[in-house]
Amino acid sequence: MSDQRVYLDDIYASKECQGSVFRAVVMMAHEARFLNSQAGQGYIQLTKKPTTIAMYKFKEGKLSMTEKTSNDVTEEAIAASAAAESENVAENAAANAEAADAAFGV
């Protein structure tokens, strides 16, 4: 039973999570979710719980985490949607003003 545990020594020794317990938990949770979705779609057959498999992979050093950089596509998409939203706000304000004028007979 003790082989199913991830000890703090395992986390502190891991280069991937840089000694952070939070990073270790996040890495294992992402892997467990991925395994569960793959099993749900019928791509793999699980013999153990996804979290147990994720813990084994962590202990074997098979999990890693990549950091998002400043030039990721997501930041560009957020900026584009913010610009589109600001245009929509201006259009909605004009439409609301016209609707209010029409409602009050101005």
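Each remark here, short or long, concerns the structure printed above.
This one's a predicted model, so the numbers in the text were calculated from it and none came from an experiment. (Residues numbered from 1 in each chain as written. Predicted model: local features only at pLDDT ≥ 70, side-chain atom pairs only at ≥ 80, totals over all residues. Heavy atoms only, no water.)

Looking at this model, I keep getting lost on the pattern of salt bridges. Mind explaining?
If the charged atoms of two oppositely charged side chains come close together, the side chains can form a pair. Taken as a whole and judged by the stated rule, the model has two salt bridges. Here K57 makes a salt bridge to E31, at a shortest N to O gap of 2.8 Å. One end of the pair, K57, is in helix α3 (residues 50–59); the other, E31, is in helix α2 (residues 21–40), and 26 residues separate them in sequence. For E60, the salt bridge identified is with K62, shortest N-O distance 3.2 Å. Accessibility classification places E60 together with K62 in one group, the exposed group. (Salt bridge = Lys/Arg side-chain N within 4 Å of Asp/Glu carboxyl O. Helix = DSSP H or I, 4+ residues; strand = E, 2+ residues; numbered from the N terminus. Buried < 20%, exposed > 50% of the residue type's maximum accessible area, 1.4 Å probe, protein only.)

Help me understand α3 in this model?
In an α-helix there are 3.6 residues to a turn, and that puts residues three or four apart on one side. Within the span of α3, buried status applies to P50, T52, I53, A54, Y56 and F58. In the core, the buried residues of α3 are packed alongside α1 (8–13) and α2. Taken from the residues just after α3, G61 is the one with a positive phi, measuring 75°. (Contact = heavy atoms within 4.5 Å.)

It is not clear to me how the side chain of S14 should be interpreted in this structure. Could you clarify?
Note that S14 resides in the loop between α1 and α2. With relative accessibility at 11%, the residue S14 sits in the buried group. At a separation of 3.1 Å, a polar atom in the side chain of S14 contacts the side chain of E16. With residues near it in sequence (within four places) discarded, S14 still touches G19 and F58. (Polar contact = N/O pair within 3.5 Å; in protein donor to acceptor, adjacent residues only side chain to side chain.)

Got a minute to help me understand the environment of C17 in this structure?
As for its position among the elements, C17 is in the loop between α1 and α2. Separated by 47 residues in sequence, C17 and S64 place their C-alpha atoms 7.5 Å apart. Once residues within four sequence positions are removed from consideration, C17 is found in contact with I11, R23, A24, M27 and F58.

Could you clarify how one ought to interpret the nonpolar core in this entry?
Here is a general trend for soluble globular proteins: nonpolar side chains tend to be buried in one another's company. Residues I11, C17, A24, M27, M28, A32, A54, F58 and L63 constitute the largest nonpolar core, which totals nine residues. Within the residue set of this core, elements represented by two or more residues are α2 and α3. Counting residues per element, this core draws most heavily on α2, which supplies four residues. (Core = buried A, V, L, I, M, F, W, Y, C linked by side-chain atoms within 4.5 Å.)

Just checking my understanding: could you explain α2 for this structure?
End to end, α2 covers 28 Å across 20 residues, agreeing with the expected 28 Å (1.5 Å per residue, within 8%). Along α2, the residues that are buried comprise R23, A24, V26, M27, M28, E31, A32, L35 and Q38. At its buried positions, α2 is contacted by α1 and α3. Positive backbone phi, at 85°, marks G42, one or two positions downstream of α2. (Expected span 1.5 Å × (residues − 1).)

Looking at this structure, how should I read a nonpolar patch on the surface?
On the surface, L8, Y12, V21 and V25 cluster together into a nonpolar patch covering about 370 Å² of accessible area. Secondary-structure elements contributing two or more residues to the nonpolar patch are α1 and α2. Position of L8 among the secondary structure elements: in helix α1. In this structure L8 comes out as partly exposed when scored by relative accessible area, which is 45%. (Patch = residues over 30% accessible without salt bridge, like charges linked within 9 Å, V, L, I, M, F, W, Y side chains within 5 Å. Areas by Shrake-Rupley, 256 points an atom, 1.4 Å probe, with all protein chains shown as cover.)

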